[in-house]
Amino acid sequence: MTATEREIKEGGPVVVVPDRMMKQRSLSHSGGFAASLETARNELASIDLEEEALISPTSSTPETPGSPVTPADIPTADSFAFAFDIDGVLIRGGRPIPEAIEAMKMLNGENEYGIKVPYIFLTNGGGKTEAERCIDLSRQLDIEVSPAQFICGHTPMREMVAKYTTVLVVGGEGEKCRQVAEGYGFRDVITPGDIIRDNAATTPFRRLTAEEHRNSRPRNYGETKIEAIFVFADSREWAGDIQIMLDLAMSKGGYIGTLSETFDEGPPIYFSHNDIVWSAAHDNVRLGMGALRKMVEMLFKDLTKGKELETIAFGKPQIGTFEFATRLLQQWRKDEHRINRPPETVYFVGDTPESDIRGTNMFNEKAKNDWYSILVKTGVYQDGTEPAYKPRTTVENVLEAVKHGIEREMTKKMKNGGGGLPLSAMAFKNLSLNGERERPGSKTPIMEVTEPNTPEGQTPEAVTPAAV
């Protein structure tokens, strides 16, 4: 591995590379998509892409000519990319779905066209830093992964750092979520364990373990104003966490132990996502954070005799998650290919119609590029049922999704490129992605093909699995 857990926690850009790839990397292009996306993500903090796009709206200028796909060994496609949910698509119950490893190999160049295809991960899962999730997925799928490729449900919460000083963080294992919040920059992070240690009567049926007692931070929490509540990950102790969240929601100004007369003085509550169920190791789906959110809102209404509690959810299907992904891919494309626009098509592969497909379709209606929804049958969605939100395509598994997307792009380019594409990596090395043969030393710009968004109500495409 290229980084230790200690180095991960201390910060800095990290790319995790499986050991088997080290020799290959010495012979080929260093860094790859994972490393280049790390650079792009860092640049996002200081660049306004919308403003810059107004200045340079075209893909190339005489001063910055368009560049062909020419990294050493294997070219990288720039006109399309993939975005993946993780649980139920790539991983189930902590183990890789069998076809996931082959799908990643195909994206990393082991396909009949000899191209690498960029990809990112949009997951509602959380409770760990993006760097830690990077280590987990790298080991599970045996691929090179950068934290920059992860957009977690709680990633947007880092933007709240300047707004709130003292916050309650709920969910996750042990102190993980407190560590994530502090890593984002929150200055005063409280956990339910801190409050229970201060007043054990807060949760009559929950007693802290010895480890929880050691980790809790003593303070008089009755005198501490909690400005916001962030549910970073799924609760491990629903009863106690719901009790404390309701105590604060009904409090006077965020002081635990007080009771508002109007029930509208409590701190805002943010959830990192709204998935009611998710796909785990069990044969049937398990309750998720969206169920916890519904319980908190329902119980608040009952306890206050009709008052509505308005909470906020991030993650899919919220549009902001997809907007951030688009900005990230646009910055990568600008850095690597001098084209200041996002890829023409982003194939989003998910297993949950209510979040993955709904969010992709909603964003596609307003996006400047095409977000193409693909539903797989390896997670929440049950084959034979009618999905609440219809995907553009439904396939058996993530490998079929990747095959479908690549074949669709290659078919588009054959129709528009004049001459078609080679079917072998050997032949492909001397051609650009538009199918034209390159002269030695020539600089042939990449042909960009824009496909209009699918009109609402259009019948999803039928899929014929592609031969590899």
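Definitions and limits used
Residues numbered from 1 in each chain as written. Predicted model: local features only at pLDDT ≥ 70, side-chain atom pairs only at ≥ 80, totals over all residues. Heavy atoms only, no water. Salt bridge = Lys/Arg side-chain N within 4 Å of Asp/Glu carboxyl O. Helix = DSSP H or I, 4+ residues; strand = E, 2+ residues; numbered from the N terminus. Buried < 20%, exposed > 50% of the residue type's maximum accessible area, 1.4 Å probe, protein only. Arc of directions from axis to C-beta. Polar contact = N/O pair within 3.5 Å; in protein donor to acceptor, adjacent residues only side chain to side chain. Axes fitted to C-alpha atoms, helices over the stretch in contact; angles between N-to-C directions. Left-handed = near helix turned anticlockwise from the far one by under 90°. Contact = heavy atoms within 4.5 Å. Nonpolar A, V, L, I, M, F, W, Y, C, P; charged D, E, K, R; others polar. Core = buried A, V, L, I, M, F, W, Y, C linked by side-chain atoms within 4.5 Å. pLDDT = per-residue confidence, 0-100. Parallel < 35°, antiparallel > 145°, perpendicular 65-115°, else oblique.

(A) Structural detail: the pattern of salt bridges. Following the criterion strictly, the structure yields 19 salt bridges and no others. Among the salt bridges present, the one from Lys366 reaches Glu323, with a minimum N-O distance of 2.8 Å. Placement of Lys366 in helix 13 (residues 353-366) and of Glu323 in helix 12 (residues 319-337) is noted, with a sequence separation of 43 residues between them. When its relative accessible area of 49% is taken as the criterion, Lys366 is described as partly exposed. We note a salt bridge from Glu344 to Arg333, for which the minimum N-O separation is 3.1 Å.

(B) Region of the structure containing helix 7 (residues 176-184). Along helix 7, the residues classified as buried are Cys177, Arg178, Val180, Ala181 and Tyr184. Each buried residue of helix 7 sits inside an arc of 160° when the element is viewed along its axis, so together they form one side. Once helix 7 ends, the next one or two residues include Gly185, with phi positive near 115°.

(C) Local environment of the side chain of Thr224. Within the secondary structure, Thr224 is located in the loop between helix 9 (210-215) and strand 8 (228-231). Overall, the relative accessible area of 9% leaves Thr224 in the buried class. Of the polar contacts made by the side chain of Thr224, one reaches the backbone oxygen of Asn220; its length is 3.1 Å.

(D) Quick look at the packing of helix 12 against helix 13. Across the interface, helix 12 lies against helix 13 with an axial gap of 9 Å and an inter-helix angle of 65°. The interaxial crossing formed by helix 12 with helix 13 has right-handed handedness. Mapping the contact onto sequence places Ile319, Phe322, Glu323 and Thr326 in helix 12 and Asp356, Gly359, Thr360, Met362, Phe363 and Lys366 in helix 13. Of the residues contributing to the contact of helix 12 with helix 13, the split by class is four nonpolar, three polar and three charged.

(E) Quick peek at the nonpolar core. Ranked by size, the top nonpolar core spans 37 residues in total, and within it Phe82, Phe84, Leu90 and Phe121 carry the most contacts. Breaking this core down by element, the ones donating at least two residues are strand 1 (80-84), helix 5 (98-107), strand 4 (119-123), helix 6 (130-141), strand 13 (345-350), strand 14 (370-376) and helix 14 (398-417). With six residues, the top contributor of residues to this core is helix 14. Setting aside its immediate chain neighbours within four residues, Phe121 contacts Phe84, Ile86, Leu90, Leu137, Ile143, Val145, Gln149, Phe150 and Ile151. Membership of the second largest hydrophobic core comes to 26 residues, among which are Leu208, Tyr221, Val231 and Met250.

(F) Main features of the confidence of the model for the protein. Of the residues in the protein, 72% have a pLDDT of 70 or more, and the chain-wide mean is 78. Confidence drops under a pLDDT of 50 for residues 47-72, and excluding neighbours within four residues, the segment shows 39 contacts in the predicted structure. A low-confidence stretch, residues 418-468 (pLDDT under 50), is modelled with 97 contacts involving residues beyond four sequence positions or located in other chains.

(G) Examining the packing of helix 10 (residues 238-249) against helix 11 (residues 289-303) more closely. For the pair helix 10 and helix 11, the least separation of the axes is 10 Å and the interaxial angle reads 50°. When the interaxial angle is binned, helix 10 and helix 11 end up oblique. The two elements helix 10 and helix 11 meet at a crossing, and its hand is right-handed. Along the contact surface, helix 10 presents Trp238, Ile242, Met245, Leu246 and Ala249, while helix 11 presents Ala291, Leu292, Met295, Val296, Leu299, Phe300 and Leu303. Of the residues belonging to the contact of helix 10 with helix 11, the class tally is twelve nonpolar, no polar and no charged.

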